[in-house]
Amino acid sequence: QVQIVESGGGLVQPGGSLRLSCAASKDNLSVWSMGWYRQTPGKQRELVADIVFGGSTNYADSAKGRFTISRDSAENSINLQMNNLKPEDTSVYYCRARFFGSINTMHWGQGTQVTVSS
């Protein structure tokens, strides 16, 4: 059974910060990579940032210099620190996990709303 649990969304003013967290589990498997995506109505879901555990990170151009993805001390967990938020960052943010043994299969959380508005 797969569980993807997201937290940390909310309302913030332009220029403010938010921290999203995600914890993933699937039987006793270890995570191969995790990431954050976002989707607004009428648009395709897009990558924000992802991380290969024990490897590299990858950021969308819109996230570079403002967002930082990192592993949490808890097993199979990540954080996304978002600074200098802009109104165009308003979206539903989804956590995605891939596990060893099935790295081509993406597992998704239910999403958390981030709203940047004054």
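Above this text sits the structure in question.
Procedures and definitions
- Residues numbered from 1 in each chain as written.
- Predicted model: local features only at pLDDT ≥ 70, side-chain atom pairs only at ≥ 80, totals over all residues.
- Heavy atoms only, no water.
- Pairing = 2+ DSSP bridges.
- Helix = DSSP H or I, 4+ residues; strand = E, 2+ residues; numbered from the N terminus.
- Axes fitted to C-alpha atoms, helices over the stretch in contact; angles between N-to-C directions.
- Disulfide = S-S within 2.5 Å.
- Buried < 20%, exposed > 50% of the residue type's maximum accessible area, 1.4 Å probe, protein only.

1. Here's the deal with the pairing of strand 7 (residues 67–71)
Pairing analysis gives five bridges linking strand 7 to strand 8 (residues 77–82), with the strands arranged antiparallel. For Ile-69, the partnering residue across the bridge sits in strand 8 and is Leu-80. In this structure, the hairpin formed by strand 7 and strand 8 is closed by a connection of five residues, where Asn-76 is found at a positive phi of approximately 55°.

2. Looking at the sheet that holds strand 3 (residues 18–26)
Pairing is antiparallel in the open sheet, where four strands are placed in the order 1-3-8-7. Edge positions in the sheet fall to strand 1 (2–7) and strand 7, since each of these pairs with one other strand and no more. Adjacent strand axes in the sheet meet at a mean angle of 15° when their direction is disregarded. Two elements, strand 1 and strand 3, share six bridges in a ladder whose sense is antiparallel. Across the sheet, Val-2 pairs through a bridge with Lys-26, a residue of strand 3.

3. Thoughts on the state of the cysteines
Applying the stated criterion across every chain yields a total of one disulfide. Between the sulfur atoms of Cys-22 and its disulfide partner Cys-95 the distance amounts to 2.0 Å. Across the S-S bond linking Cys-22 and Cys-95, the dihedral sits near -90°, which makes this disulfide left-handed. With Cys-22 in strand 3 and Cys-95 in strand 9 (residues 91–99), the pair connects residues that are 73 residues apart, well separated along the chain. Judged by its relative accessible area of 2%, Cys-22 is buried.

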